[in-house]
Structure formats: C-alpha cells, structure tokens
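# Analysis of the macromolecular model
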Amino acid sequence: MPPTPARWNSTTASPADRPPDPPAPPRKIQTPKSKLQTTKSTTSTATTSAATASANSAADSATDSATNSAAAAPDILRPEQFSAFIQAEQKALIDALGVRKAAYLCNYTPLELLNAAGVRHARLFKGGSSAQTAAGELFTQSIFCDFTKSCIGGFEQGDPFYKAFDKVYNFHTCATMKRATEVIELFTPTRLLNLPKLRDSGDSRNFFHSEILQFRDDLVELAGRPVTDDAVRAEIIVYNKLRLLLRKFSELRKRANPPLTGRAFLDIARAYYYVEPRKLLPICERLCKHYETLPASPPSPGQRQIRLMVAGSIMADGDRRILDIVENELGARVVIEDHCAGARPFYHTIPETGDPCLALANGYLDQSPCARQRPLSDAIDFSARLAQDYNVDGVLYIFLKFCACYGVSQKDFIARFHQLGLPVLALSNDYSESDRGQLLTRIEAFLDVIREKQTNLATHEHTHTLDA
Amino acid sequence: MNTPTPLMPDSAATAATAAATDNAAAIATAARGIRVDALDYEPGVTRHGSRHQPNIYDAKVENPFSQAIVELGELARSWNLERIEHLVVHEGRRAVWGGAAWDSPLLRATDTIPASIMELWRKESHRSERIAEDTFHIPSEFCSMIKTMIGRWHTKRDDPIKRILAFSSGCEPMSMVIEHARNIGYEVYTLEGVTAFKVGEGLENRAKFLAAELRKASVWLQGKPVDEDRLSAEIRLKNAALKKVARILDLRLKRPFDIGSIEVMWLLGGSSGYFGNPGKYFEILDRLLAELEEAAKTPETRPSLPLILAGGPPGGLSFFQLLEKADAVLVGFVLLGTSLYREDMPPLESLAHYLFESQLRGELGEATGASALLRRRGIEALIEKTGARGLISSAITACPYASLVQQLERNHFRKQGFPIVALEHTVHNDPTTEEQTMKIKAFLEQLSESF
C-alpha cells in the first residue's frame with residue numbers, strides 16, 4: 001500500500017511539518033565588498049589574462065558602488081521577504097526620475113549591456129492573473145499563450161510598472177513573443193532583434209554579435225551616454241557572480257532534505273530580473289552562506305518528500321498555482337525547474353576576456369537553451385541532466401496552451417524522461433482559475449503513482465536481499 | 001476575350017459531364033455559368049447532404065471566356081506531388097520539401113524542384129491530422145496546418161522526397177514539427193532565421209548574412225555553390241512573371257467576371273514555380289494578357305462587389321461559390337509577395353531584400369516571419385488601388401499569429417469605418433461550415449445593401 005499522501009496524514013499535514021523555515025541567519029552583516037571578493041576568488045581563478053585583470057579592476061570599482069547600494073539594501077533573512085523587497089524596487093523604478101528605463105521580455109537579452117548603459121531595467125514577465133490575461137486578449141483573440149497575453153495585458157491595463165519604461169527590447173525567441181512585441185509597440189516604443197536559432201553555427205554566432213552591437217547602439221541612443229567595453233566587462237563579471245550564486249541557491253536543493261522549497265527558490269530568482277545586481281549580490285551572498293551552513297541532515301524516516309522537477313514553458317512571476325498545489329497542498333517538493341524563470345538561466349557563464357560583445361553573443365547562445373533553439377536535443381539533454389543531478393522522482397512537464405516550443409515537442413522531452421525511468425505528468429496550463437480542482441486531482445494521482453513505484457521498488461529490493 | 005461559349009476541350013467536357021452524372025459531388029454555380037467539378041478529390045467531411053470538394057488546385061473550372069484559363073487549370077492540376085515524385089524516381093530529378101516561395105529562384109537555379117508545403121494537405125489531410133495527434137502527441141489546440149504537415153510526412157517517410165529546407169524565421173509550431181520530421185528520418189537543412197522588423201534597422205548587414213546562409217543552402221541543395229549568373233536569370237524570370245500577373249490583375253479590375261477568383265489563385269500560385277513548366281505558364285500569361293488588353297477596351301458594365309482577401313481562402317471551393325453567387329469578386333490578395341526582386345545587386349542579396357520587403361509589408365505569412373502590424377498598410381494601398389468595398393481577413397483556426405493579425409486588422413478597419421469580416425478556416429478540403437457560410441453571406445448582404 002502506498003504511503004498516505006502528506007496532506008491526508010495528520011502527522012505531516014500541519015504547516016509545522018512542511019519544510020521547516022530555516023532559522024534566521026546571524027544578524028552580523030559582513031561588508032558586501034568582502035563578500036564580493038570572496039566570490040570573485042572563485043571566478044578569477046579561471047581568468048588569467050591582463051584583459052581580465054583590467055576587467056576585475058572595473059569590477060572592484062563596481063564593488064565599491066555595491067557597498068553604497070548595499071547600504072540601502074534591506075536585511076533579508078528569509079526568501080519570503082523578497083516579495084516586499086522586489087515590490088519596493090519596482091516602486092522605486094516607477095518613481096525614479098532622470099534615468100532612462102528599459103524593459104525586456106526574454107532571457108536572451110544581455111543584461112550586462114543594459115546595466116553598462118546605466119538604464120534602469122527589468123524583465124516584463126508578470127503572469128498568472130486571469131484579468132491581466134483577458135486584457136491582452138483584446139488584441140490576440142483567445143488562441144494565444146496566456147503569458148504573452150499577460151505581457152500585452154499589463155500595458156493595456158495601464159500597470160504603472162509596465163508604463164514606466166521608455167523602451168521595450170525583445171530578442172526574437174518565439175513567434176508569439178515577436179507578435180506580442182509588435183502589439184506592445186502600440187503602447188511603448190519597442191526594438192526587436194534577431195536571435196539566431198542555430199547555436200552550433202559560427203556564422204550564427206557572428207550574426208548574433210552584430211545584432212548585439214545594434215542593441216548596444218540602441219541603448220547608447222536611449223541612455224544618451226557611451227557604453228564602453230570596460231564597463232561591459234565589469235558587468236559581465238558582476239552578472240557571472242550573481243548567476244553563480246543563484247545556481248548555488250538552486251543546488252542547495254540537491255540535498256536529500258532540501259532547505260529551500262521550489263517556491264522559495266523562485267522568490268529569490270525573480271529578484272534577478274528586478275533588482276540592480278550590485279544591490280542583490282550582497283543580499284544573496286548573506287542568505288546563501290547561511291543556507292550553506294545549515295546541516296545537510298537526511299530526512300527522518302518516512303518523512304522524505306517526493307522530489308519533483310518542473311520542466312517546460314515559463315512559470316511567470318505570479319503563476320504559482322501549480323507550485324502551491326504541489327508543495328502546499330500535496331506535500332511534495334519541487335527541487336529543480338527547467339524553465340526560463342527558474343534555475344535554467346543561471347547555468348551559464350559569460351567569457352570574461354576578449355571582445356565583451358562577442359563574449360555576450362557566445363555566452364548567451366551557450367546558455368541552457370530554450371526549446372526554440374537548435375539542435376532541440378541540447379534542450380532535452382539539459383533537462384534530462386538536471387533531472388538526474390537533482391535526483392528527482394518524477395517530472396511535471398507543464399506547457400502553456402499554444403506554447404509551440406514546449407507543447408509540440410512534448411513527446412521528445414517526455415520520451416527522454418521515460419528513458420531515465422522517470423514518471424512524467426504532462427499538463428497543459430493557462431491562467432484561468434476554473435480548472436484548479438482538475439489539476440489537484442491529476443497531480444495527486446501522479447504523486448500516488450510515484451509512491452507506488454517507490455514502494456514496489458523497495459519491496460523488490462527487500463525481497464532480493466532476503467533471497468540473497 | 002472570346003465569345004462566352006464553353007471552351008473546355010471535348011474530352012475534358014465529356015469527362016466532366018460523366019463525372020457530374022456519376023458523382024453527386026458535382027458542384028454547379030449557375031449564377032456565373034461556371035461549373036466546378038469535384039474530380040480526383042479525397043473523400044472529406046460531408047455537409048448538407050452530399051457535398052465533397054477537391055482542393056482548389058484540383059478543381060475543374062469551366063470558364064466560358066478564355067481557353068487560356070482552361071489550360072491554366074490543367075497546368076495547375078498536373079503539377080502535384082505524384083508528378084514531382086515521378087520526376088524524382090523516373091527522371092533522376094532532385095526535389096526537396098519547401099523552397100517554393102520567396103526562395104524559389106534559388107531552388108530553380110540549383111536544379112531542385114521545390115515541393116510546396118501545401119502539397120502536404122492537398123490530399124489525406126484528415127488522416128494526417130489524426131496521425132499528428134496520435135503518433136506525435138501534438139496537442140489538439142494547434143492548427144491543422146502543422147498537424148497535416150507532420151502527419152503526411154510520417155506517411156510519406158519512405159517515399160522519394162526525403163529532404164526538407166526549413167527557414168528559421170517561420171513560426172515555432174512549424175519549426176517544431178520539422179524537428180519531428182528529422183526524428184523520423186528526413187534530412188533537414190535549416191536556414192538561420194533573419195527578420196526585418198522595422199524599415200531601416202540594419203537591413204544591409206542582415207541581407208549580407210542571409211545571402212551567405214542562402215549560399216550555404218545552395219551547397220546543401222546541389223553539392224556546390226549556386227551559379228550566381230543563373231540565379232540572376234531566374235530572378236529576372238520570376239520578376240517577369242510577377243509583372244505579368246500584376247498586369248493581369250490590373251486589367252481584371254475592368255473585366256472582373258472574365259477571370260474568376262479561383263483562377264486568380266492559380267495564377268498567383270504558379271508565379272513561383274510555374275507549375276513545373278515555365279514555357280507553358282508564360283504562354284498562358286501572354287495569351288491572357290492579350291485577351292484582357294482587348295477586352296478591357298470594353299469595361300464590364302454589370303455591377304460587381306470588389307473585395308480584398310487577406311490570408312488564404314476560407315472554405316475552399318464553397319467560399320468562391322458563395323462569392324460568385326453574390327457577384328462578389330476578389331480584386332486584391334494579401335497572401336504572396338507583391339514586390340519585385342531587385343536586379344541591381346548580387347542575386348543572393350536580392351533574395352534577402354525581397355524577403356525583408358515582404359516581411360515589412362506583412363506578406364508571405366507566418367512561415368517567413370511577416371510583420372503583424374504592417375500588413376494593414378498594404379491592405380490600405382490595395383483598397384485605394386482597387387476600389388474594394390470590403391475586406392475578408394482570413395486565418396487558419398488555432399493559428400495564434402494570424403489570429404493576432406486578424407484582430408489588429410479588425411480593430412483598425414472598424415475604426416476606419418471600412419467593412420471587414422474575420423473568418424477562420426482549416427487546411428482541409430472541406431466545404432464551408434455553417435458558421436462560415438452564415439458570416440460570408442451576411443457580410444455580402446450587408447455590403448450589397450450599402451452598395
């Protein structure tokens with residue numbers, strides 16, 4: 001008989017038995033500069049050239065400004081506190097005067113250039129609200145993915161955060177986002193740029209380089225100031241550190257008893273898209289160090305939570321419906337995500353030497369790919385590797401309705417997970433609120449399947465041991 | 001134009017008559033004296049009793065005005081997948097899937113027959129769609145076009161055409177089913193995606209890159225780079241065809257009933273690959289031009305209802321019948337490219353610039369990354385030029401991209417006070433649905449009353 005699902009088990013259903021909130025980290029706050037130096041020593045071992053030394057020098061000066069930024073940074077002790085922090089950052093962006101503001105839609109946008117240009121910037125990826133979706137539907141009709149409808153809907157609704165930007169940039173990932181950008185042009189100036197699909201082609205990389213140069217030139221015009229190579233190099237180093245740090249956060253979840261919930265990780269990760277990196281770095285460093293010092297004790301017998309991976313389309317900022325069902329209602333744990341608002345964007349490092357814009361072209365094309373990129377097998381391989389690295393028990397393959405990248409390719413992804421012996425539940429998702437009950441039932445049944453599989457495996461192993 | 005007597009060859013007329021007798025599927029449009037015979041069609045959905053219909057390229061249209069049109073229909077019917085496969089197997093010709101649109105001169109210059117993607121749903125489309133959902137797990141919400149593509153590729157995976165030329169600027173659903181095709185054994189060559197999003201934004205650099213991509217593609221097609229002189233000649237040939245078709249459409253404004261809207265679709269459809277027979281295609285164009293130049297001296301006096309069709313024809317033959325019954329004539333088509341290839345630059349760059357111009361005009365559809373916002377400018381120009389009184393904006397059901405364009409156009413033209421009807425359709429050769437019929441009829445009635 002499979003174990004009782006956590007939410008029906010009186011010994012595990014109480015909030016107290018959910019993943020325990022971590023104890024607060026020590027209040028002593030190290031200077032951000034020393035923190036940055038600690039982290040830098042990790043990356044700088046890989047950098048040897050004089051050019052890198054110069055870039056590190058630029059980063060040091062950046063670190064000095066980080067010290068100033070950190071003075072205003074809040075003392076964040078728990079992931080849940082990120083929400084208020086981000087909200088404050090969004091408000092600050094809206095209210096900021098005398099600075100140009102640029103938004104972007106996709107993870108293939110080199111943030112290093114935005115920062116080097118001195119513009120305030122943020123990703124537009126709010127979603128999960130049926131009202132915002134409906135507002136976007138005024139332009140798209142219904143047969144469009146709800147995320148892109150939400151991108152448009154934010155403008156149509158007059159969301160002050162969306163209205164705050166002087167320009168919206170989008171590297172052409174999928175046709176849907178391209179169309180959405182064209183509609184956004186009705187509200188705010190936009191700039192679309194080509195993103196090559198063939199990540200293995202040298203010619204495509206050179207072409208991407210030329211598109212990134214166009215992006216840089218456009219930013220120069222927007223910001224009204226030059227963007228120097230040194231400034232870009234400094235930003236590459238800062239963002240590399242931040243991505244590495246966020247990857248470390250994610251990898252805490254490789255532990256048998258992960259100290260972070262899936263939701264907590266997303267709470268931290270979303271700050272990457274809203275907060276100035278020099279402000280975010282010291283905050284994340286403090287928090288990460290605290291988590292790292294927690295004992296990695298295995299779960300108590302019978303308390304092991306089912307470990308799940310969420311793969312597929314974007315889980316937008318605000319789209320937490322399935323995550324809440326999985327973690328809060330059914331007691332399982334999302335230990336890794338392979339989508340472009342989860343851990344995936346933090347698995348790449350930009351080369352810190354050489355022509356910085358060429359480095360951005362190579363680095364961003366080398367990032368763990370969206371399924372839109374070719375060869376598709378790279379995206380599937382990456383997803384499979386994450387599933388193995390994080391030792392998941394099953395995969396929730398979630399694609400937004402009308403998301404071709406993940407909807408049409410679901411067969412290939414699922415086949416690979418099955419090859420690894422992983423059960424998969426494919427869910428076609430949107431931001432409506434009417435199918436919550438159905439989702440709950442399906443996910444609950446899926447967890448039962450995983451438990452049954454684990455029980456059978458344990459029984460088989462026990463019998464095998466006795467036979468031996 | 002000839003006198004209005006049926007000019008169908010005796011043999012064809014006999015066959016058509018026999019078919020009409022034997023086959024309850026014969027469709028008559030008495031109002032125009034034009035008969036459409038449903039020969040060689042695949043059984044499809046039955047509606048209103050017994051109606052089936054062929055693909056518009058398989059239809060027989062009895063045109064009482066011009067023998068050239070009759071021969072154009074024969075040419076269109078003769079150029080199909082079976083014919084291309086025959087050429088590959090028995091004459092050693094080379095063929096690939098794709099390359100039958102903006103890039104068609106490159107294909108011709110490399111002695112490669114482009115098998116149009118449209119051939120994938122010309123037959124067996126319903127079966128193909130089922131295969132896509134059952135075998136490839138394509139979610140039901142996606143469009144019939146991509147489903148029939150992969151379904152048909154699946155059933156034809158052991159047939160002679162095993163190579164696909166893909167273009168990355170196309171929509172993601174299409175790109176993803178091409179990956180499925182790759183997995184079942186097709187050799188896929190992907191042209192890197194390059195899109196011109198706005199006029200003047202770095203086009204020269206993008207054109208040079210795309211030209212280099214096309215040169216690489218030519219090596220894949222024929223084992224060596226394309227002969228640029230030959231490519232230039234092919235570009236000139238296509239420009240000549242485009243000019244003649246454009247002239248025919250202009251003359252047709254004065255004689256709207258002489259060439260039916262289906263026949264115009266054939267003309268447009270043949271302007272890229274000439275139905276495999278450029279000599280015959282050009283001969284037909286010249287005869288039509290001569291006939292129309294003469295006929296246009298006496299403009300048509302019977303009133304017609306001029307319309308513009310943006311997108312593919314919704315509902316196939318039935319759609320055209322509905323129009324003809326109401327004396328409505330399609331005088332403007334926003335489907336294929338309307339610009340000419342530039343002849344003042346290296347030919348590969350000329351192809352790139354043609355693509356960019358088309359994208360910026362919102363032409364060639366989502367398969368090439370056309371602009372959603374800019375298509376309406378082309379429509380407005382067409383309205384100005386043709387005096388059209390209404391716009392039929394057509395999209396394939398469940399195509400998010402076309403639906404967005406449609407919605408933008410609906411919002412825009414309603415504000416302008418210009419009549420528009422938005423229709424959806426599948427790629428199947430099904431008669432118009434009740435909803436489509438009702439919407440078309442209501443739209444035409446509304447326009448007729450105001451007329």
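Small disclaimer: the values here were computed from a predicted structure and weren't measured. (Residues numbered from 1 in each chain as written. Chains lettered and ligands numbered in written order. Predicted model: local features only at pLDDT ≥ 70, side-chain atom pairs only at ≥ 80, totals over all residues.)

## A word on the overall build of chain B
Broken down by element type, chain B carries 16 helices and 11 strands. Classification of the 451 residues of chain B by burial places 55% in the buried group. Partitioning the contacts of chain B with sequence separation of at least 6, the portion at a separation of at least 24 is 70%. (Helix = DSSP H or I, 4+ residues; strand = E, 2+ residues; numbered from the N terminus. Buried ≥ 20, exposed ≤ 12 C-beta atoms within 10 Å, placed from the backbone. Contact = placed C-beta atoms within 7 Å.)

## A closer look at the packing of helix α5 (residues 130-140) of chain A against helix α6 (residues 146-156) of chain A
Residues and elements named next belong to chain A. Relative orientation of the contacting elements α5 and α6 amounts to 95°, with a least axis distance of 6 Å. Our classification of the angle between α5 and α6 gives roughly perpendicular. Where α5 approaches α6, its residues Q132, T133, A134, A135, G136, E137, L138, F139 and T140 are matched on the opposing element by D146, K149, S150, C151, I152, G153, G154 and E156. Taken together, the residues of the contact of α5 with α6 sort by class into six nonpolar, seven polar and four charged. (Axes fitted to C-alpha atoms, helices over the stretch in contact; angles between N-to-C directions. Parallel < 35°, antiparallel > 145°, perpendicular 65-115°, else oblique. Nonpolar A, V, L, I, M, F, W, Y, C, P; charged D, E, K, R; others polar.)

## Concerning the nonpolar core
Residues L308, M309 and V395 of chain A are the most contacted members of the largest nonpolar core, which totals 205 residues. Looking at this core element by element, the count peaks at 11 residues for helix α10 (residues 229-251) of chain A. Beyond its immediate stretch of four places on either side in the chain, M309 of chain A contacts V335, I336, D338, L386, A387, Y390, V392 and V395 of chain A. Counting 53 residues, the second largest nonpolar core, distinct from the first, contains W266, Y274, I284 and L309 of chain B. (Core = buried A, V, L, I, M, F, W, Y, C linked by C-beta atoms within 7 Å.)

## Section: the sheet that holds strand β1 (residues 101-104) of chain A
In a beta sheet, neighbouring strands are held together by backbone hydrogen bonds and run either parallel or antiparallel to one another. All names here are of chain A. Pairing is parallel in the open sheet, where four strands are placed in the order β2-β1-β3-β4. The open sheet is flanked by β2 (120-123) and β4 (190-193), the only strands paired with a single partner. This sheet shows a mean twist of 20° between the axes of neighbouring strands, independent of strand direction. Of the strand pairs in this sheet, β1 and β2 are connected by four bridges, and their pairing is parallel. Note that in β2 the partner of A103 across the bridge is A122. Across the face of the sheet, helix α9 (residues 202-223) comes into contact with β1, β3 (167-171) and β4 while running at roughly 165° to β4. (Pairing = 2+ DSSP bridges.)

## Remarks on the interface of chain A and chain B
Facing 36 residues of chain A, the contacting portion of chain B comprises 34 residues. For the side of chain A that touches chain B, the secondary structure elements donating two or more residues are α5, α8 (175-184), α9, α16 (404-407) and α17 (410-419) of chain A. Residue contributions to the side of chain A that touches chain B peak at five residues, all from α9 of chain A. Here the residues of the side of chain A that touches chain B are counted per class, giving 14 nonpolar, 13 polar and nine charged.

## A short note on the domain arrangement of chain B
The accessible area lost on association of the parts is a frequent measure of interface size. Residue and element names in this part refer to chain B. Segmentation of chain B into domains returns domain 1 (81-230) and domain 2 (237-450). Each of domain 1 and domain 2 was reduced to a C-alpha centroid, and the two centroids are 23 Å apart. Secondary-structure elements contributing two or more residues to the side of domain 1 that touches domain 2 are α4 (104-109), α5 (125-135), α6 (144-155) and α8 (203-222). Looking at which element gives the most residues to the side of domain 1 that touches domain 2, the answer is α8, with seven residues. A breakdown of the residues in the side of domain 1 that touches domain 2 according to their chemical character gives 20 nonpolar, nine polar and six charged. (Domains from an automatic or database assignment.)

## A word on unusual backbone geometry
Of the consecutive residues R374 of chain A and P375 of chain A, the connecting peptide bond is found in the cis state with omega at 0°. Inspection of the secondary structure puts P375 of chain A in the loop between α14 (356-366) and α15 (376-389). The backbone phi angle of Q141 of chain A is positive, close to 65°, even though this residue is not glycine. In this fold, Q141 of chain A is placed in the loop between α5 and α6. The phi dihedral of D327 of chain B is positive, around 55°, even though this residue is not glycine. Secondary-structure assignment places D327 of chain B in the loop between α12 (316-325) and β9 (328-334).

## Observations concerning the pairing of strand β5 (residues 112-115) of chain B
All names here are of chain B. Residue alternation in β5 divides its side chains into two sets, T112 and P114 and I113 and A115, and both sets are buried. In terms of strand pairing, strand β4 (residues 94-97) meets β5 through four bridges, oriented parallel. Pairing of W97 across the sheet is with A115, part of β5. For the crossover from β4 across α4 to β5, the handedness is right-handed. (Right-handed = clockwise from strand over helix to strand, strands pointing away.)

## What about the sheet that holds strand β10 (residues 390-396) of chain B?
Residue and element names in this part refer to chain B. The sheet built from four strands is open, its strands ordered β9-β8-β10-β11 with parallel pairing. The strands lining the two open edges of the sheet, one partner per strand, are β9 and β11 (420-425). For this sheet, the mean angle separating the axes of adjacent strands, direction not counted, is 30°. Taken together, the six bridges between β10 and β11 define a ladder with parallel strand orientation. Across the sheet, residue S394 finds its bridge partner in β11, namely L423. Where helix α16 (residues 434-450) meets the sheet, its contacts fall on β8 (305-310), β9, β10 and β11, and the angle it forms with β11 comes to roughly 160°.

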